[in-house]
Each structure stands twice: as C-alpha cells, then as structure tokens.
Amino acid sequence: GAVVSQHPSWVICKSGTSVKIECRSLDFQATTMFWYRQFPKQSLMLMATSNEGSKATYEQGVEKDKFLINHASLTLSTLTVTSAHPEDSSFYICSASDGPEQFFGPGTRLTVL
Amino acid sequence: SQKIEQNSEALNIQEGKTATLTCNYTNYSPAYLQWYRQDPGRGPVFLLLIRENEKEKRKERLKVTFDTTLKQSLFHITASQPADSATYLCALAPNAGNMLTFGGGTRLMVKP
C-alpha cells in the first residue's frame with residue numbers, strides 16, 4: 001500500500017515554456033501533499049505544502065506565481081513550473097500523507113534548455 | 001536556526017557488519033523523526049518513524065534510537081547486504097503539522 005506516482009518521470013523543455021507535473025496517491029486518500037526540489041548531491045528542499053481544496057503554503061523563497069500548485073482532489077496534486085528557465089532544472093519530488101508518514105513519488109527530472 | 005546534520009562522508013562497510021548512521025539536530029523540538037532510503041534518481045522510501053516519547057524502534061534488520069536529550073538519532077542496519085547500499089535521510093517533523101525537514105543524507109556502501 002501507500003503508493004504515490006508521478007508523471008512524467010522526466011521532461012526536457014525549452015526556456016520560457018511551462019511544464020506540468022502530476023502527483024497521485026494510488027491507494028489512499030492524501031489529506032496533504034508536499035512538493036520538494038532536489039539538486040544534485042543535495043537533500044530535499046520543501047517547496048510547498050498543499051491541502052485538498054485550499055491554497056498551497058509556500059516556503060520562503062519559493063515564488064508562488066512561478067510554481068503553481070493545484071490540489072483538486074484527495075488523490076491528485078499538480079505542480080506547474082511556469083516560464084521555465086535553465087536554473088529551474090532539478091529533480092522534483094512529491095509526497096502524500098494521511099498521517100505522520102510521508103510517501104514519496106518516484107520524482108520528475110526537469111531539464112530546461 | 002534549525003540544523004539537521006548527517007555525516008556527509010560516505011560510510012563504507014563490509015557485508016555482514018552492522019552499519020550505524022547518525023542524525024544530530026539543533027534548535028528543534030521534533031514530535032517525531034523519520035528515516036528514509038533514497039536510491040539515485042529515485043524518490044525517498046519511508047523506512048521507520050519514531051516519536052519523541054519513544055527510545056527505540058525496530059523493523060526486521062533496522063533499528064532506530066531517539067535521544068531527545070542528546071538531540072540525536074542513530075540508525076542501525078544489522079547483517080548488512082550490498083543491496084542496502086543507498087543514501088539514508090533522516091527527517092524531522094515539528095510538534096504541529098507534519099511538514100518534514102530533511103538532513104543532508106549519508107551514503108552507505110556495503111561491500112561484498
């Protein structure tokens with residue numbers, strides 16, 4: 001149980017385009033979903049916390065207009081990187097939770113050319 | 001400011017030995033502490049959770065201790081196997097909510 005999927009697993013895009021990443025909890029209803037970013041050889045950095053039906057809470061330094069988060073249901077959250085630039089290239093990971101444990105998706109590798 | 005420190009140097013051990021990884025924290029009062037395993041290019045996988053009022057937790061070959069006085073958690077893998085080679089992350093959650101703050105992770109290499 002506690003399976004979280006992400007789609008796509010990797011994406012390459014041109015600078016200035018927008019990219020949408022989906023995060024789904026497959027076998028449980030997640031009251032909260034989290035979005036993280038991880039740069040090479042670094043740990044996970046929380047970007048935002050998302051609760052179903054309400055606005056996401058962004059961490060300091062994360063631009064909410066650039067990283068749009070929609071949490072439309074208890075099993076789906078999306079992260080849209082708008083007007084992506086090369087410095088947005090990273091590994092984006094979501095997690096879903098219905099209690100103290102968090103269950104992570106496999107991650108999405110974003111490369112912006 | 002809050003700090004969660006894990007040994008950034010890789011830990012190399014021989015197969016069959018016990019691996020011990022350390023997580024120290026400062027300026028933090030976690031309600032619970034979690035350990036995750038992360039393989040290259042993959043998301044973290046939940047291993048164990050220990051609450052602030054618990055001293056020790058076990059799961060198969062894994063054991064976690066939590067000392068809130070020392071502000072330290074130890075993560076042990078007994079009878080280690082090459083398949084245990086990965087990066088292990090500790091993560092803390094505050095008293096309110098379940099937002100996790102991660103340490104930098106320690107890479108474990110188990111040699112056959």
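For the structure, see preceding data.
All figures in this text were calculated on a predicted structure; none of them were measured in a lab.

Draft legend 1. Structural context of the sheet that holds strand β7 (residues 67-73) of chain A. Residues and elements named next belong to chain A. An order of β1-β3-β8-β7 is seen for the 4 strands of this open sheet, with the pairing classed as antiparallel. The open sheet has two free edges, formed respectively by β1 (4-7) and β7, since each of these has just one partner strand. Averaged over all adjacent pairs, the angle separating strand axes in this sheet is 15 degrees, with direction ignored. As judged from the 4 bridges shared by β1 and strand β3 (residues 19-25), these two strands associate in the antiparallel manner.

Draft legend 2. Seen up close, the environment of K111 of chain B. All names here are of chain B. Within the element layout of this structure, K111 appears in strand β11 (residues 106-111). Among the residues examined, K111 registers a relative accessible area of 45% and is labelled partly exposed. Separated by 40 residues in sequence, K111 and K71 place their C-alpha atoms 31 Å apart. Setting aside residues up to four positions removed in sequence, K111 forms contacts with N12, I13, Q14 and E15.

Draft legend 3. How the structure looks around the side chain of S80 of chain B. Residue and element names in this part refer to chain B. Summarising the element assignment, S80 is placed in the loop between β8 (72-77) and β9 (86-93). Only 2.7 Å separates the side chain of S80 from the backbone oxygen of K17, close enough to count as a polar contact. Contacts of S80, omitting those with residues within four sequence positions, involve I13, Q14, E15, G16, K17, R61 and V110.

Draft legend 4. Seen up close, unusual backbone geometry. Residue P8 of chain A is bonded to the preceding H7 of chain A through a cis peptide linkage, with omega at 0 degrees. Considering the arrangement of structural elements, one finds P8 of chain A in the loop between β1 and β2 (10-13). The phi angle at N27 of chain B is positive, at roughly 55 degrees, despite the residue not being glycine. Here N27 of chain B shows up in the loop between β3 (19-26) and β4 (32-38). Among the residues examined, N27 of chain B registers a relative accessible area of 54% and is labelled exposed. Its identity is not glycine, yet K71 of chain B carries a phi of approximately 60 degrees, on the positive side. Examined against the element boundaries, K71 of chain B turns out to sit in the loop between β7 (62-67) and β8. Given a relative accessible area of 30%, K71 of chain B falls into the partly exposed group.

Draft legend 5. Structural view of the pairing of β9 of chain B. Residues and elements named next belong to chain B. Most of β9 is tucked away, with 7 of its 8 residues classed as buried. Two elements, β4 and β9, share 7 bridges in a ladder whose sense is antiparallel. Its bridge partner being in β9, Y36 is matched across the sheet by L89. In this structure, β9 lies alongside β11, joined through 3 bridges in antiparallel fashion. Each bridged residue has a counterpart across the sheet, and for T87 the counterpart in β11 is R107. When β9 meets strand β10 (residues 101-102), the two strands line up antiparallel, connected through 2 bridges. Opposite L92, over in β10, you have T101 as the bridge partner.

Draft legend 6. View of the nonpolar core. One finds W35, F67, L79, Y92 and L110 of chain A to be the most contacted residues of the largest nonpolar core, which totals 24 residues. Only β2, β3, β4 (32-38), β5 (45-51), β7, β8 (76-81), β9 (90-97) and β11 (108-112) of chain A provide two or more residues apiece to this core. Formed by 23 residues, the second largest nonpolar core is a distinct cluster that contains L47, L48, L108 and V110 of chain B.

Reading the values: the criteria
- Residues numbered from 1 in each chain as written.
- Chains lettered and ligands numbered in written order.
- Predicted model: local features only at pLDDT ≥ 70, side-chain atom pairs only at ≥ 80, totals over all residues.
- Heavy atoms only, no water.
- Pairing = 2+ DSSP bridges.
- Helix = DSSP H or I, 4+ residues; strand = E, 2+ residues; numbered from the N terminus.
- Axes fitted to C-alpha atoms, helices over the stretch in contact; angles between N-to-C directions.
- Buried < 20%, exposed > 50% of the residue type's maximum accessible area, 1.4 Å probe, protein only.
- Contact = heavy atoms within 4.5 Å.
- Polar contact = N/O pair within 3.5 Å; in protein donor to acceptor, adjacent residues only side chain to side chain.
- Core = buried A, V, L, I, M, F, W, Y, C linked by side-chain atoms within 4.5 Å.

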